[in-house]
Amino acid sequence: MRRSLLLAVFAVLSAATASAQDQTAALFPGFDPGGTTRAWLKDAGAHWRVDWSPERGTPALIYGGQRPLVPASQAGSDAVLEQAARQVVDELAPALGFTSGTLELQQVKHLDRLATVGTSAKIAVLFKQVTGGVPTWHGEVAVLLSTDGRLLALDNTALPHVAQTALVPETSEGAALDVARAAFASDTGLLAQSVGRGDYVVFPAPVMAGKSAVRGVPAYTFVLDAGVDRSTGATPVIRQYAIAATGAPRVVGSWSLVHQADLTGTVKGWGQVGLGADGDEAAVLHGLQDIRLTGSGLPTIYTDATGFFDFVAVPAPVNVTAAYEGKYSRVVNIAGATSSLNLSVAPGVPAAFVFNPGKTEQPTAEVNAHYFTNAQRNWLLSLDASEQTLNFQRTENVNIADTCNAYYDGFSTNFFLSGGGCPNSAYSTVAWHENGHWLNDLYGSGNGSDGFGEGAADCWAMYEANDPVIAKDFFGPGSPIRTGLNLTQFCGDGNPACYGGDPHLNGEPLMGAIWKVRANLQALLGQTAGGDLANQLLLTWFQVYNDGSIKSIIENHWLTLDDDDGNIDNGTPHYPSIDAGFLTQGFPGFVLPLFTIQHTPITAVNSELPVPVQATITEEQGTLTGAILHWSNNGGVSFNSVGMGAQGNDVWKGFVPGQVSPKVVRYYIEAFGPAGSNFLPKSAPADSFQYDVGTVTTQVSYDFEPISDEGWTHVQVLTQDDWMHDVAYGTSAFDPPAAYSGSRLWGNDLGADGFDGNYKPDVQNYLLSPVFNLTGKTNLRLRFQRWLSVEQGIYDQAELYCNLAKLYANPLNETLIDSDWTAQDFDIKALADNNPSVQFRFELTSDPGLEFGGWNIDDFRIVSLGPVSPTQFTEYGSGLAGFGGQTPHLTGSGTASPGGGITISITNGRPSAVGVLFVGTTQASLPFKGGTFLVGSPFAMVALNLGPAGTASAPGTIPADQALFGVPVTMQYWCNDAAAVKGKAATNGLTFTIK
């Protein structure tokens, strides 16, 4: 019954949302990230949670639980898995802002290796967003499943509203290139000597303010190169630009493709195979893989992993040339000709090519660059034999005439000569770090300027080396460039690049956390098993997810990959090791609950009877001793407590005492045991559930979806007026990622084009509601959804006024940071009842320092709360006559509330007739026995016989079950009656709603 109701409610809500969205141009139809995600999580089962993308205002990661998706018998079919993954995307389409129709399948990746390292095998269905042939820049969706077909997670970097975006360019490619050239000259002080044309893409950048609400624009991409002569030792200047193709041509994204490593120190030695540098580690004569061999009349072949080569069936000696021109590595010596060897090779006489017999610096750099580049590909293949990511020729430029550096420029890795106290930089972890930048690009994470690119490149190097040191002994013995043993602390999701302009230092929190995860796993499982598990988690992280910036969601990705039972709340097989690694670097960590509490909140009760509150409480990390229901009828000033009783199957129930209506009741639930308590809501008692006792009538309502401001105005007093009626851009980490409902809201600096999402120093401004005439309205309350972030009230003030009376002010000595939408409720009857002129003012005042996101409000309402009203028993449809030509009549009376008593009565029936009362949840109109069957979705049939007078009265009690609030009930009575057309008589239909 409840599921049928749920489906009906969702249908009504979806229709209402779609109607509201018709008023907003250029948005995905029915776009409602908050509402859709909450509904999906509620229906999906326990343990599910969501991480939001503040940049897109849509879910970035939905994870933590499990949901049956594909029958286990079909989970081996990639086609079935793809369709199931598309089904999940389409279910969440109003939250994501796109359907699976915009997604192209990239791969169904079977992550079987995870089963060999202590967790469970998984399957990732990987999509790329492509709309009308236009790809989204780094727009991807990864749906993670178990091997028996359960949904485990959905990761999303795709853009909302792409199908509603005009993709036809309004600017020519030539005009866009002119803008890119001008920007390059401005950014670098140099003229571009060469231009590479990239893709035409939908780029993830806000469009011009006021033009549209989409978070992406079609754009041309270009790579511009200043043509710096590498042989001089100068660092190349290469930048990539994304230029908007609609609206005014403008730069919507730009970044350098040259990612340098600050390499200082010396490395000594030739032909190294360990982690030491040239001069620090003895030269080893070792086989070189992937050397190209050619000769007249011979096919081109390449050496194997031992350096062995074999030209088959050659009858006579041939001059053979060996060169650093492999399938996977191409070495270029910037200081002169790249080494190659030529020998006459005779059939049956093994030849020996020896590069760098003199063990001098420049040819040693050639050997090392080639060797370590191939070693990285081999390492990747050792983790996943199907991994093709590095199956192309990479270029290594060595012996550049400069010192103490190395860099990756998007097309090659580049290494410097020794000098200035530094070694030649072509060796081990330096090569793996620079090639790590390449891997970041190849896997789609990119090399974000907040330090992610440098930190992730360090992770590749450390994991392959199984050593935390980057550039061993570079400053001398025991003095490396960087180490994963650092304790540089994460500064928070809202504070990227917090260590200034050095991306390597900004990357240290990431490299430190990921290294410590590895060290913890090795301490737990042993060097080999722990290292294998760490390697698989690192590779799978890049294969499945596209983080691109250093944020706390990274740990959630790692835990999701490590999880083996679809319940993130009970931890993962290696949760302590993973969580401790991130905690050491100052990440917030992932707090495992002692208990999980599931509860459907009560919102309204049309009864003065005791109200049952029911919850399902599951033990996770703790032992459950009991549960308490805390309730308040004075606005949360104080709470009373009653025990909850165990009902079996983890269900607990307690009762809030009956209240004289009208009344507002707040409540929260506590589960406790020897190790402590968990609460629902989690921040109780500061946050609590709330329900109305009585009837609620809406007097004023704004959902803020229309483009029009509907009479709301805003005023600058000092410095700036940053109030915006727009979508939630999520530019600031302190702002909501999405509106509470629909897509539009009011807020301070929502982060539109040209804004950063935070209010500014020394401002005073306010938002004014229209003036409301509330004559004749009584017992009024103001209600709205709030997301507020503001410094403590002794510095910055966020205030709410009703006319001249202050309703709210932020705490004086506590910075207030909402992390979700919170329902606000104010009793305004003393100020607004019968008042013909009522106006509300949301005001913000700031001091010179420390700014946050400010006010955000949605779903503004003024309501009247009235006393409990009698249950409305409504008759519908027509009955079927029987005895004496009379039609039996069905009526109801009483209080239809959980725990309340009702009486169902029948009159005008056949004396002493035998019959049945049908009970359902919907009305119907179906031909039956010469009459009409009026009950839809029947769930009960109650035997009810009539008395000698042809009447019956059936008193009963509605079960004290909170899940029954709001459930509609329909009834009809049928009885045997020989005088009826086909021997059956029937009453009218009767309907009411449990409140």
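Owing to the predicted nature of the structure, the values given are computational and were not obtained by experimental measurement.

*Asks:* Which residues make up the environment of Glu843, and what values go with them?
*Replies:* Looking at the secondary structure, you find Glu843 in strand E42 (residues 840–845). By relative accessible area, Glu843 is classed as buried at 8%. At 2.8 Å, the side chain of Glu843 and the side chain of Gln764 are in polar contact. A polar contact of 2.9 Å, which involves the side chain of Glu843, links it to the side chain of Arg841.

*Asks:* I'd like a description of the state of the cysteines, backed by residues and values.
*Replies:* As enumerated under the stated definition, the model contains two disulfides in all. What pairs with Cys404 in a disulfide is Cys422, and their sulfur atoms sit 1.8 Å apart. The disulfide joining Cys404 to Cys422 has a torsion of about 95° about its S-S bond and is therefore right-handed. With a gap of 18 residues between them, Cys404 in the loop between strand E17 (394–400) and strand E18 (406–408) and Cys422 in the loop between strand E19 (412–416) and helix H7 (428–442) connect regions that are remote in the sequence. Judged on exposure class, the residue Cys404 and its partner Cys422 are both buried. The side chain of Cys491 participates in a disulfide bridge whose partner is Cys498; the two sulfur atoms lie 1.9 Å from each other. Residues Cys491 and Cys498 share a disulfide whose torsion about the S-S bond is about 70°; that sign makes it right-handed. For Cys498, a relative accessible area of 28% puts it in the partly exposed group. If one numbers only the bonded cysteines of the protein chain, in the order they occur, the disulfide pattern is 1-2, 3-4.

*Asks:* Before we move on, could you go through the packing of aromatic side chains and cite the residues and values that matter?
*Replies:* Summed over the entire model, instances satisfying the criterion amount to 49 aromatic pairs. Summarising the aromatic geometry, the rings of Phe490 and Phe587 are spaced 4.2 Å apart at their centres and angled 0° between planes, so their arrangement reads as stacked. In this pair, Phe490 is assigned in the loop between strand E21 (482–483) and helix H9 (503–525) and Phe587 in the loop between helix H12 (575–584) and strand E22 (595–598), connecting sequence segments 97 residues apart. Neither residue differs from the other here; Phe490 and Phe587 are each classed as buried. Between Phe704 and Trp712 the ring centres are 5.3 Å apart and the planes differ by 85°, which places this aromatic pair in the edge-to-face class. Like Phe704, the residue Trp712 is buried in the burial classification. One aromatic cluster in this structure is built from Trp379, Tyr443, Phe452, Trp460, Trp541, Phe542 and Trp558. Seen from the ring of Tyr740, Arg38 lies directly overhead, with NZ or CZ sitting 4.2 Å from the centre. One Lys or Arg, Arg518, reaches over the ring of Tyr463 and ends 4.7 Å from the middle of that ring.

What counts, and where the lines are drawn
- Residues numbered from 1 in each chain as written.
- Predicted model: local features only at pLDDT ≥ 70, side-chain atom pairs only at ≥ 80, totals over all residues.
- Heavy atoms only, no water.
- Helix = DSSP H or I, 4+ residues; strand = E, 2+ residues; numbered from the N terminus.
- Buried < 20%, exposed > 50% of the residue type's maximum accessible area, 1.4 Å probe, protein only.
- Polar contact = N/O pair within 3.5 Å; in protein donor to acceptor, adjacent residues only side chain to side chain.
- Disulfide = S-S within 2.5 Å.
- Phe/Tyr/Trp six-rings, centres within 6.5 Å; stacked < 30°, edge-to-face > 60°.
- Lys NZ or Arg CZ within 6 Å of the ring centre and 35° of its normal.

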